[in-house]
Amino acid sequence: MSKLEPRETSPDDALPTAPPAAAPAEGAARAVAAAAAAGRRPAPARRREALVGLAFVAPMLALFLVFRFGPTLGAAFLSLTDYRLSGEWDFIGAANYTRLLNDDLFWESLGVTAVYTALYVPMTVLLALGTAALLYRTLWLRGFFRGLFFLPYVTSIVLAAVIWKWIYEVEDGLLNSTLGALGLGEIDFLGNESLVLPSIAAASAWKGFGYSMLILLAGLQSIPREVTEAATIDGASAWQRFRWVTLPLLRPVLFFVLVIEAIQAFQVFDAMYVMTAGGPVRASYSLVYFLYDSGFKFFDFGYASAVGLVLFLVVLVFSLIQRRLIGREED
Amino acid sequence: MKTGFKRATVPLALLTLTALTAAGCAGGDSGSGSNKVTVWMYPVIMDPKANAAYWDGIEKGFEAAHKDLDLAVEQLPWENRDQKLATAFGSGKGPDVVLLGPDQIPQFQANGAVQPVDRAIEKARSAFRPAALEAMTQDGKVYAAPIYHTVTSTLYNKKLLDKAGIKEPPATWDALKAAAPKLKRAGVATLDYSASNEASLNMSFYPLLWQAGGKVFDESGKKTAFSSPEGVEALTFLVDLYKAGAVPRSALTNANLFTDQALGKEQVAMGYTNTPSDAALAEKTWGKGNAIVGPALTGPRKQVCFGMPGGLGINARTKNLTGAEKFITYMTEPAQIRSMGTAGGFFSPRTDVTVPNGSPFAKEYEAALAHTFPGEPHPAARQLMALITPEIQAALTGKKSPEQALEAAAKEGDDLLARQR
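Residues numbered from 1 in each chain as written. Chains lettered and ligands numbered in written order. Predicted model: local features only at pLDDT ≥ 70, side-chain atom pairs only at ≥ 80, totals over all residues. Heavy atoms only, no water.

Under an unreviewed UniProt entry, chain B has the name Sugar ABC transporter substrate-binding protein and belongs to Streptomyces ficellus.

Put into structure tokens, the structure is as follows:
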């Protein structure tokens, strides 16, 4: 293993008595021994062990099948029908998908979602990375600050959106009052088609960066100090250490965070619903908003399900990319 | 296709839709047993405590009168009520009885989600105001029994009018246009307006359209009719006000909520009001004598305002039709109409019942009642609003001219109507 690669994590690594240099080799040897021991077990014992494992997993598996997998299949089926409010429906094949491909509003909402994702993800990840790096170096009251930065994440999105709406208000919002006090003109953050998405993305980044920050902080803490110390001894500056040592070692965690945040961004709805109701002129009308309107305003459940399935595919593609990239890193 | 398969698949799929949008089904299990009657009610009485106390009293009174029935009135917020009802109806759940407005009825009736209430109001039928009953009628059958009537009239802030040197509250389009520069000089806007996608056009653009002599749908109901000279006149009036700073800039995304928006915050001199309790709240906020309830706004051709009955409808899939009908009969009796009107500040939908109203604004509302219009009932009325609103926003922001905006909305609207079953 190269020194610049992340350390393999095994319970043995955490043993305070294990000498740092010998630990990985020792851990690997123990793992091989354990595997060999397992291989020698008689078949009934292995089966019993597998059944016990399955029993532990079963409740979660059942919940997953009932509340995730089943409904997804149900939605896939519904997207092939013209299900009506009365409960009647006819099978219409791929008609909903054909209509979707020719629906300008679908493409418009997909475009809005893509632009929002392109704005939200870098904002959130940079904010999370910055605060994680600061927290990593902070020794005094680290727990307090970690809690403080994480607080927006556990705040209700509706509450956060309402507060940010007040902050952005044209007439007497906090931002515009500050701009006014500085002698600058008013900015219509939510009423301007060009500014509305960056404004919502900034509010959402404030709300959501805490989760990624914690993951990145854990990633930073897993980087062996001796690696950065070696770079310091070699004369690397703080920026060089971050750019050439920390960042490459953090890459798998960073990829994970990027993909999670992108998936989150593709499902944006609440913030837009509360702050702008999709306006102005549909400038913040996301794909999920389109889905919501199709189902619950136009009562077009089959069509809404088709939108949901497309969204599911987009998220699936992102998840596969994540799997592939992280898998490659681990290899 | 086997029915059992349908039964199993569709609820699952609807569950997904709900989960995907986080819209959620409200109220949990609303299914009724054989002796249970479930009602979905909204905060029709503004004060939450008074609202809860009123419906508690109704539950006790009804159960005392019908000992075999168990009434459960579930309180839901006004927000997203169509969406919540659609989710409930679509999944075969929902309450036995629900409060409905005239513009909701056509869409739910067309989708077979509600059933007629004629039998429940058989004895009281001739006592209802004809207009109130007509607003609830679809294809010759009544789909909601009126229990109250609202009037959306004008509300003025006298303090702000005085500050601008305006003696008479502007009650016509011309007077509004004349007042706008004076109010702007006084540092406030003239008319509170919501162009938000989630705001009902019945409370914003449609009254202007009607005042200009326009209509939303044509006679056949198969085409839109708002992209007309009258429609353009109404939208131009609004755009001119917006450009002149007479409509708050937050109108693009804000809903017209008195407590939180420009009117409540005294940034605008005029808005709309639904009930005397609105006016009472305004007076409490602005100071005694500063809230003025005015007449229905007069446009170039008509003096008209929005106003509608609120009524009780029955879920088409109710398991307790008899109980639901008994509750509706009970709620339309004079005693309940009177108590509802008194508690909520509403008007009586019955000609033989007068609601004792101690509000100092009662006379003004009563005068506006004569000019109310409950909207144009159509199965796609609500959906059409979702298509018109972004185009109104486009006109307000200057992206399109009023003509272009209405033409674009009409094109989308006509496509929607063509798709209607």
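Draft legend 1. Just the overall build of chain A, in detail. Across its full length, chain A holds 13 helices and 0 strands. Buried positions account for 43% of the 331 residues belonging to chain A. A separation of at least 24 residues holds for 66% of the contacts in chain A among residues at least 6 apart in sequence. Surface accessibility of chain A: about 17,500 Å² in total, with carbon and sulfur atoms responsible for 68%. (Helix = DSSP H or I, 4+ residues; strand = E, 2+ residues; numbered from the N terminus. Buried < 20%, exposed > 50% of the residue type's maximum accessible area, 1.4 Å probe, protein only. Contact = heavy atoms within 4.5 Å. Areas by Shrake-Rupley, 256 points an atom, 1.4 Å probe, with all protein chains shown as cover.)

Draft legend 2. Structural detail: the overall build of chain B. Along the backbone of chain B there are 15 helices and 14 strands. At 22 Å, chain B has a C-alpha radius of gyration in line with the 22 Å of a compact globule built from 421 residues. By its C-alpha atoms, chain B is 65 × 50 × 40 Å across when sized along the principal axes. Across the 421 residues of chain B, 57% fall into the buried class. Taking the contacts inside chain B whose residues are at least 6 apart along the sequence as the reference set, 75% of them involve residues at least 24 apart. Of the roughly 16,600 Å² of accessible surface on chain B, 54% is carried by carbon and sulfur atoms. One way to put it: in chain B the 45 positive side-chain charges average out to a point 2 Å from where the 42 negative ones average out. (Rg over C-alpha atoms; globule rule 2.2 N^0.38 Å. Lys, Arg positive; Asp, Glu negative; His and termini not counted. Charge placed at Lys NZ, Arg CZ, Asp CG, Glu CD.)

Draft legend 3. Quick peek at the pattern of salt bridges. Counted according to the given criterion, the structure contains 18 salt bridges over all chains. The partner of arginine 249 of chain B in a salt bridge is glutamate 186 of chain A, and the shortest N-O contact between them spans 3.1 Å. Highlighted residues: arginine 249 of chain B in the loop between helix H9 (229–243) and strand E10 (268–273) and glutamate 186 of chain A in the loop between helix H7 (174–181) and helix H8 (196–221), drawn from two different chains. Between arginine 125 of chain B and aspartate 118 of chain B there is a salt bridge, with the nearest N and O atoms lying 2.8 Å from each other. With a relative accessible area of 33%, arginine 125 of chain B lands in the partly exposed category. (Salt bridge = Lys/Arg side-chain N within 4 Å of Asp/Glu carboxyl O.)

Draft legend 4. Broad picture of the nonpolar core. Counting residues in each nonpolar core, the largest one holds 123 residues, and the members touching the most others are Trp55 and Phe327 of chain B. It is helix H4 (residues 104–137) of chain A that contributes the most residues to this core, 13 residues altogether. Every residue in contact with tryptophan 55 of chain B, bar those within four places of it in the chain, is listed here: Met41, Val44, Val73, Gln75, Phe327, Met331 and Met340 of chain B. Counting 58 residues, the second largest nonpolar core, distinct from the first, contains Leu176, Leu241, Met308 and Ala395 of chain B. (Core = buried A, V, L, I, M, F, W, Y, C linked by side-chain atoms within 4.5 Å.)

Draft legend 5. Structural view of the interface of chain B and chain A. On the side of chain A, 50 residues touch chain B, which itself brings 53 residues to the contact. With both chains or domains summed, chain B and chain A bury close to 4,600 Å², and 60% of this area falls on carbon and sulfur atoms. Here lysine 399 of chain B ties to glutamate 193 of chain A by a salt bridge, and the two come within 3.0 Å at their closest N and O atoms. The interface formed by chain B and chain A holds 8 residue pairs in polar contact (both at pLDDT 80 or more) in total. Among the secondary structure elements, those contributing two or more residues to the side of chain B that touches chain A are helix H1 (3–21), helix H3 (81–90), helix H4 (105–110), helix H14 (381–396) and helix H15 (402–419) of chain B. The element best represented in the side of chain B that touches chain A is H1 of chain B, accounting for 13 residues. When its residues are assigned to classes, the side of chain B that touches chain A shows 21 nonpolar, 21 polar and 11 charged. (Buried area = accessible area lost by both parts, 1.4 Å probe. Polar contact = N/O pair within 3.5 Å; in protein donor to acceptor, adjacent residues only side chain to side chain. Nonpolar A, V, L, I, M, F, W, Y, C, P; charged D, E, K, R; others polar.)

Draft legend 6. Helix H13 (residues 362–369) of chain B, seen in detail. Within the span of H13 of chain B, buried status applies to Ala362, Tyr365, Ala368 and Leu369 of chain B. All buried residues of H13 of chain B fall inside an arc of 125° around its axis, so they share one side. (Arc of directions from axis to C-beta.)

Draft legend 7. A look at the sheet that holds strand E8 (residues 153–157) of chain B. Residues and elements named next belong to chain B. Read across the open sheet, the 4 strands follow the order E9-E10-E8-E11; overall the sheet is mixed. The outermost strands of the open sheet, each flanked by one partner alone, are strand E9 (189–191) and strand E11 (291–293). In this sheet, neighbouring strand axes are inclined to one another by 25° on average, regardless of whether the strands run parallel or antiparallel. By the bridge criterion, 3 bridges tie E8 to E11 in an arrangement that is antiparallel. Across the sheet, the residue bridging to tyrosine 156 is isoleucine 292, located in E11. (Pairing = 2+ DSSP bridges. Axes fitted to C-alpha atoms, helices over the stretch in contact; angles between N-to-C directions.)

Draft legend 8. Region of interest: the confidence of the model for chain B. Residue and element names in this part refer to chain B. The pLDDT averaged across chain B works out to 87; a share of 90% of its residues lies at or above 70. For chain B, per-element mean pLDDT is lowest for H1, which scores 47, and highest for H9, which scores 97. Segment residues 18–31: pLDDT under 50, and 29 contacts once partners within four positions in sequence are set aside and those in other chains are kept. Predicted complex, confidence summary: ipTM 0.75, pTM 0.78. (pLDDT = per-residue confidence, 0-100.)

Draft legend 9. Region of the structure containing the domain arrangement of chain B. Residue and element names in this part refer to chain B. Partitioning chain B into domains gives domain 1 (26–150 + 307–373) and domain 2 (153–304 + 380–419). Centre-to-centre, using C-alpha coordinates, domain 1 lies 28 Å away from domain 2. Taken residue by residue, the interface counts 19 residues in domain 1 and 22 residues in domain 2. Sorting the residues of domain 1 by area buried against domain 2 places Phe361, Tyr365 and His371 first, and these three jointly supply 36% of that buried surface. (Domains from an automatic or database assignment.)

Draft legend 10. Here's a closer look at the packing of aromatic side chains. Enumeration according to the criterion identifies 36 aromatic pairs over all chains in this entry. Consider the rings of tyrosine 116 of chain A and tyrosine 120 of chain A, whose centres lie 5.6 Å apart with planes at 10°: the pair is stacked. Placement of both tyrosine 116 of chain A and tyrosine 120 of chain A in helix H4 is noted, with a separation of 4 residues, approximately one turn of the helix. Tyrosine 120 of chain A shares its class with tyrosine 116 of chain A; the two are buried. With 6.3 Å between their ring centres and 45° between their planes, phenylalanine 347 of chain B and tyrosine 365 of chain B make a pair best called tilted. Within this pair, whereas phenylalanine 347 of chain B is found in the loop between helix H12 (334–344) and H13, its partner tyrosine 365 of chain B is found in helix H13, the two being separated by 18 residues in sequence. The class for tyrosine 365 of chain B is buried, based on a relative accessible area of 0%. Among the aromatic residues, those joined into a ring-pair cluster are Tyr83, Phe106, Trp107, Phe269, Tyr273, Tyr285, Tyr289, Phe290, Tyr292, Phe296, Phe301 and Tyr303 of chain A. Geometry around tyrosine 153 of chain A places lysine 207 of chain A over its ring, the cationic atom sitting 5.3 Å from the centre. The ring of phenylalanine 128 of chain B carries arginine 350 of chain B above its face, with NZ or CZ at 6.0 Å from the centroid. (Phe/Tyr/Trp six-rings, centres within 6.5 Å; stacked < 30°, edge-to-face > 60°. Lys NZ or Arg CZ within 6 Å of the ring centre and 35° of its normal.)

Draft legend 11. Up close: the environment of proline 122 of chain A. In this structure, proline 122 of chain A sits in helix H4. With 140 residues separating them in the primary sequence, proline 122 of chain A and alanine 262 of chain A have C-alpha atoms 9.4 Å apart.

Draft legend 12. Molecular detail of the side chain of aspartate 300 of chain A. Residues and elements named next belong to chain A. Within the fold, aspartate 300 resides in the loop between helix H12 (287–296) and helix H13 (301–330). On the basis of relative accessibility, which here comes to 18%, the residue aspartate 300 falls in the buried class. Sequence-distant contacts of aspartate 300, that is, excluding residues within four places in its chain, are made with Arg99, Ser294 and Gly295.

Draft legend 13. Layout of the packing of helix H5 (residues 142–154) of chain A against H8 of chain A. All names here are of chain A. Put simply, H5 and H8 touch, their axes get as near as 5 Å, and they point 140° apart. Comparing their axes, H8 and H5 come out oblique. The interaxial crossing formed by H5 with H8 has left-handed handedness. Two secondary-structure elements touch here, H5 through Arg142, Arg146, Phe149, Phe150, Pro152, Tyr153 and Val154 and H8 through Trp206, Lys207, Gly208, Phe209, Gly210, Tyr211, Met213, Leu214, Leu217 and Gln221. (Parallel < 35°, antiparallel > 145°, perpendicular 65-115°, else oblique. Left-handed = near helix turned anticlockwise from the far one by under 90°.)

Draft legend 14. View of the pairing of E8 of chain B. Residue and element names in this part refer to chain B. With 5 of 5 residues buried, E8 lies mostly within the body of the structure. Bridging between E8 and E10 involves 4 bridges; their strand directions are antiparallel. Across the sheet, residue serine 153 finds its bridge partner in E10, namely threonine 273.

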